[in-house]
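Working through the structure, step by step
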Amino acid sequence: MGLAPKPDFRGRKEGGAFLAARRRRFRCSWTRVEASVGLAVGGRGAMFCEKAIELIRELHRAPDGQLPAFNDDGIRQVLEEMKALYEQNQSDVNETKSDGRSDLIPTIKFRHSSLLRNRRCIVAYLYDRLLRIRALRWEYGSVIPNALRFHMSAEEVEWFNHYKKSLATYMRCLGGDEGLDITQDMKPPKSLYIEVRCLKDYGEFEVDDGTSVLLKKNSQHFLPRWKCEQLIRQGVLEHVLS
Amino acid sequence: MFVTDFRRDFYDVIQTERVLLFVASDVDALCACKILQALFQCDHVQYTLVPVPGWQELETSFLEHKDQFHYFILINCGANVDLLDILQPEEDRIFFICDTHRPVNVVNVYNDTQIKLLIKQDDDLEVPAYDDIFRDDEEEDEEDEEQSGSESEGSEPSGKRTRREEDVIERTLKRRQRREWEARRKEILFDYEQYEYHGTSSAMVMFDLAWVMSKDLNDMLWWAIVGLTDQWIQDKITQMKYVTDIGILQRHVSRHNHRNEDEENSLSIDCTRIAFEYDLRLALYQHWSLYDSLCNTCYTASRLRLWSVQGQKRLQEFLADMGLPLKQVKQKFQAMDVSLKENLREILEESANKFGMKDMRVQTFSIHFGFKNKFLASDVVFATTSLLENIEKDASGTDNFIRALDSLSRSNLEQLYQGLELAKKQLRAIHQTVASCICTNLVISQGPFLYCYLMEVPGPPSSLGQDTLAPPHGRDVLTPPQGWDTLASSRGQEALLAPTPASSLLRARQTSSCSPSRPPWACSASTCCSPLFVRPRTSAVSCCP
């Protein structure tokens, strides 16, 4: 099965149609299929892959760019379900081989497609999270706020560090000796300097040539854009559009 | 020293440096600041803008920022005091002062290294000559005196007596000369510094700089116009100077706005257009009703004596003479009948002449952008002044400064409209206060002075007056400087004939004054009441700020 960057949740309908089709075709062994389905899931009306879809839905609910906490629990449950399905399949395959029973084959096929479905969902979940973490580097810089760090699993943190390193190596090899910081100025800036107004007392702020500027409430300054961006994000300065 | 070539000695010097701008709290300074900001943004000059409403703030801000900058620009503050003495800067700091306060302090004029004055020298400055005030040979005199002292102490042989006598005669002659010179110096300085007045608007000076560099725009021209109009409205310059400066600006206006006359090539309606107007002197009349404007403009209110019952009758006669029905006059100006508005200016001028108001029309400019937005220069001045002097509960001086500065941009029209509403409130409050003062005989005459005390809770029982003027909990009382024709005309003195004096209420606090100029010499700022000084004016003279 191919991997898509955005998970689709047509899986539920697909599962239902698939099951109905299977039901229609193998009506004679319906009771056995039903029984095995019921046994595997362990509840009336519950279906396979629901937990996996839950994970996808959770990501879909979070607005673009936000990273919700890593759902360790959910992944574990899905993996357990996959293990259970796999074991059942194993035993059924052995039975089919040894006894020559062909009526178990649809069940085996059904469980197999559930397994594939689960795998697809989990991979989509992890991949989407990685894309969001990558976007964090471009937005926040190399240091992520602590709140977001807790939302990442240990492996994700490791991946993030590797990514940071690659990006830094790449940036260093551009632009001559000093390297070029390509994470600044995602859109071409209209001007090099911007007019900012101080909203609260901040204190001294260092400018490029070593000297400092005193940021006091209601003073206006005309400073280079890249210096002010951090403070604008923090809310200390306000960009004045005249 | 005076800067002769603004571009070379001022702008080119600071173009590659970071500068600190100290701006005073008046509309002229705000306009000059906006023009300078526009130039700096064009050339990427890094600057920091600090508002300074008074001397105290200037000193504090200077102390905070003095290590970070080498170049300081002061707008409408600092020319009339010995700046180096007050601020005590280091040797390599340079100050550029663009100030309208006159007379310029002689130390500032003759300092060659640190103080550069951005003042046009064709203003009537009359600075005394260097030799009349400063004397280089003072040290020699002191040495002579010491020597003579030491000599006379020791015992002397009689052979040197005659030589000593000659020495003594020489020294006494020198001392007498010195005393004469000092007496003359005192007289010269007294004559030079006895009256305070104002020179060319700083906004116009900055616009001139922009024009010399060919970076002037219509927007900057409008700010220069507002700066000049502010000076005239606050009675800081004479009518003659105002008319001359209007002539200068008129040339710039026609240079920038000639495309509007051509029907085929005219600009879109959203572009800024500035037009010359010979319009009425009524405050905010296009944004108010004509009746309200007549009642609350100083000029008409005083000439018609609207605080008395007879005055109200005269107003009715005046309106009847013009043929304007009361109902029309009392509704919003924009809603008035078009047929009445057509020749309003001429009709008003004719009738006004009959009622003793000869200068009903004045030369001014108006700005026009979009379909709805048309403002006269005086409208913008009133709006911005009211925003600057707004005494809301949580607004501090610098908040008001920022709001007023914003209102001058074309994109912040809501601020401007807010300012207009505030200005209407203020004008009404002022006239009610004045009317009550006159009616309750609070105006006391003392020789050539007329004054009246306004207690913490002023007279008028209406809520308008109390909100805008009264300082509950000991807050500041501020009103814009207004022509007190009312007081003059009520006393029936010769002051009636002279142009009106300007005055303003001082803050109730003892430490600061309204505008950064010399500390008031005759007003005592007590904490419980604020005295209001008025004096008959002779020529280009205004009383203390």
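Calculation criteria
Residues numbered from 1 in each chain as written. Chains lettered and ligands numbered in written order. Predicted model: local features only at pLDDT ≥ 70, side-chain atom pairs only at ≥ 80, totals over all residues. Heavy atoms only, no water. UniProt positions renumbered as here; feature names shortened; annotations may be inferred. Patch = residues over 30% accessible without salt bridge, like charges linked within 9 Å, V, L, I, M, F, W, Y side chains within 5 Å. Areas by Shrake-Rupley, 256 points an atom, 1.4 Å probe, with all protein chains shown as cover. Salt bridge = Lys/Arg side-chain N within 4 Å of Asp/Glu carboxyl O. Lys, Arg positive; Asp, Glu negative; His and termini not counted. Charge placed at Lys NZ, Arg CZ, Asp CG, Glu CD. Helix = DSSP H or I, 4+ residues; strand = E, 2+ residues; numbered from the N terminus. pLDDT = per-residue confidence, 0-100. Contact = heavy atoms within 4.5 Å. Core = buried A, V, L, I, M, F, W, Y, C linked by side-chain atoms within 4.5 Å. Buried < 20%, exposed > 50% of the residue type's maximum accessible area, 1.4 Å probe, protein only. Domains from an automatic or database assignment. Polar contact = N/O pair within 3.5 Å; in protein donor to acceptor, adjacent residues only side chain to side chain. Pairing = 2+ DSSP bridges. Axes fitted to C-alpha atoms, helices over the stretch in contact; angles between N-to-C directions. Buried area = accessible area lost by both parts, 1.4 Å probe. Phe/Tyr/Trp six-rings, centres within 6.5 Å; stacked < 30°, edge-to-face > 60°.

The name recorded for chain B in an unreviewed UniProt entry is Cell division cycle 45, from Sarcophilus harrisii. Recorded under Subcellular location (unreviewed entry), the UniProt text for chain B is reproduced unchanged: "Nucleus". Note on chain B: under the UniProt heading Sequence similarities (unreviewed entry), the record states "Belongs to the CDC45 family."

Under an unreviewed UniProt entry, the name given to chain A is DNA replication complex GINS protein PSF1, and the organism recorded is Sarcophilus harrisii. Reading the Sequence similarities (unreviewed entry) entry of the UniProt record for chain A gives the comment "Belongs to the GINS1/PSF1 family." Under the Subunit (unreviewed entry) heading, UniProt states for chain A: "Component of the GINS complex which is a heterotetramer of GINS1, GINS2, GINS3 and GINS4. Forms a stable subcomplex with GINS4. GINS complex interacts with DNA primase in vitro. Component of the CMG helicase complex, a hexameric ring of related MCM2-7 subunits stabilized by CDC45 and the tetrameric GINS complex."

1. Details of a negative patch on the surface
Together, E204 of chain A together with D67, E90 and E91 of chain B give the surface a local cluster of negative charge. With respect to the helices and strands, E204 of chain A occurs in strand β2 (residues 203-206).

2. Side note on the UniProt feature "domain: GINS subunit" (unreviewed entry) in chain A
The positions UniProt marks with the feature "domain: GINS subunit" (unreviewed entry) are residues 91-172 of chain A. Across residues 91-172 of chain A, helical content stands at 84% and strand content at 0%; the span's end C-alpha atoms are separated by 56 Å.

3. Description of the confidence of the model for chain B
For chain B, the mean per-residue pLDDT works out to 78, and 77% of the residues sit at or above 70. Every residue in residues 456-545 of chain B is under pLDDT 50, and counting partners more than four places away or in other chains gives 197 contacts.

4. Considerations on the nonpolar core
Residues and elements named next belong to chain B. Core analysis: the largest hydrophobic core is formed by 110 residues, its most contacted members being F40, I73 and W222. Of the residues that make up this core, three or more belong to each of domain 1 (1-133 + 183-263) and domain 2 (264-434). In contact with I73, not counting residues within four places along its chain, are F10, I14, V19, L20, L21, F22, L36, F40 and F96. M322, L340, L348 and M357 belong to the second largest nonpolar core, which has 27 residues in total.

5. Describing the domain arrangement of chain A
According to the domain assignment, chain A contains domain 1 (46-173) and domain 2 (193-239). Just the C-alpha atoms count here: the centres of domain 1 of chain A and domain 2 of chain A sit 43 Å apart.

6. A look at the side chain of T229 of chain B
Residue and element names in this part refer to chain B. The topology assignment puts T229 in helix α10 (residues 218-233). Its relative accessible area of 2% is what places T229 among the buried residues. Looking at T229, its side chain comes within polar contact range of the main-chain oxygen of I225, at 2.7 Å.

7. Side note on the sheet that holds strand β3 (residues 71-75) of chain B
An order of β5(A)-β1(A)-β4(A)-β2(B)-β1(B)-β3(B)-β4(B)-β6(B) is seen for the eight strands of this open sheet, with the pairing classed as mixed. The outermost strands of the open sheet, each flanked by one partner alone, are β5 (237-239) of chain A together with β6 (115-117) of chain B. Sheet twist, expressed as the average angle between the axes of neighbouring strands with direction ignored, equals 25 degrees. Against the sheet, helix α19 (residues 397-407) of chain B makes contact with β1 (193-198) and β4 (220-224) of chain A together with β1 (19-23) and β2 (47-51) of chain B, and its axis sits at roughly 120 degrees relative to β2 of chain B, the strand it touches most.

8. Describing the interface of chain B and chain A
At the interface, 22 residues of chain B touch 22 residues of chain A. Interface area for chain B against chain A, summed over the two sides, is near 1800 Å², with a carbon-plus-sulfur share of 45%. When the shortest N-O distance is used, the salt bridge between R197 of chain A and D406 of chain B registers 2.9 Å. Mapped onto the side of chain B that touches chain A, the elements with two or more residues apiece are α2 (27-43), β2, α3 (55-65) and α19 of chain B. When residues of the side of chain B that touches chain A are assigned to their parent elements, the largest contribution, five residues, is made by α19 of chain B.

9. Regarding the side chain of D245 of chain B
For D245 of chain B, the location among the structural elements is in helix α11 (residues 239-256). Residues within four places of D245 of chain B in sequence aside, it is in contact with T200, M204 and L228 of chain B.

10. Digging into the pattern of salt bridges
Residues and elements named next belong to chain B. The full count for this structure, using the stated rule, is 27 salt bridges over all chains. Ionic pairing is found between D9 and R8, a salt bridge with its closest N-O pair at 3.4 Å. Among the residues examined, D9 registers a relative accessible area of 27% and is labelled partly exposed. Taken together, the shared-partner salt bridges connect E277, D279, R345 and K374 into one network.

11. Describing the packing of aromatic side chains
Between two aromatic rings, the relevant description is the distance of the centres plus the angle of the planes. Residues and elements named next belong to chain B. Applying the stated criterion to the full structure yields 22 aromatic pairs over all chains. Their ring planes at 40 degrees and their centres at 5.6 Å tell us that F40 and Y47 sit as a pair that is tilted. On the numbers, 5.1 Å between centres and 55 degrees between planes, the contact of F62 with F72 is tilted. With F62 in helix α3 and F72 in strand β3, this residue pair connects regions lying 10 residues apart in the sequence.

12. Side note on the confidence of the model for chain A
When pLDDT is averaged along chain A, the result is 80, and 81% of the positions lie at 70 or above. Under a pLDDT of 50 for its full length, residues 33-44 of chain A has, in the predicted model, 10 contacts with residues more than four places off or in other chains.

13. Some details on the sheet that holds strand β8 (residues 273-280) of chain B
Residues and elements named next belong to chain B. Across the sheet, which stays open at both edges, the three strands sit in the order β8-β9-β10 with antiparallel pairing between neighbours. Here the strands that pair on one side only, and so sit at the sheet edges, are β8 and β10 (373-376). Between one strand axis and the next, the sheet turns by 30 degrees as a mean value, whatever way the strands run. Where β8 and strand β9 (residues 361-369) come together, eight bridges link them in antiparallel fashion. In the sheet register, A275 faces β9, and the bridge partner there is S366. Strand contacts of α11: β8 and β9, with the helix running at about 35 degrees to β9, the strand carrying the most contacts. In this fold helix α17 (residues 344-354) packs onto β8 and β9, with an angle of close to 30 degrees to the strand it touches most, β8.

14. Focus on unusual backbone geometry
In the segment running from R102 of chain B into P103 of chain B, the intervening peptide bond is cis, with an omega of 5 degrees. Structurally, the position occupied by P103 of chain B is in the loop between β5 (101-102) and α5 (106-110). For C49 of chain A, which is not glycine, the phi torsion reads 65 degrees and is therefore positive. As for its placement among the helices and strands, C49 of chain A is situated in the loop between α2 (30-41) and α3 (50-61). Of the residues examined, C49 of chain A reaches a relative accessible area of 9% and is grouped as buried. Of note, the phi angle at Q88 of chain B is positive, near 50 degrees, even though the residue is not glycine.

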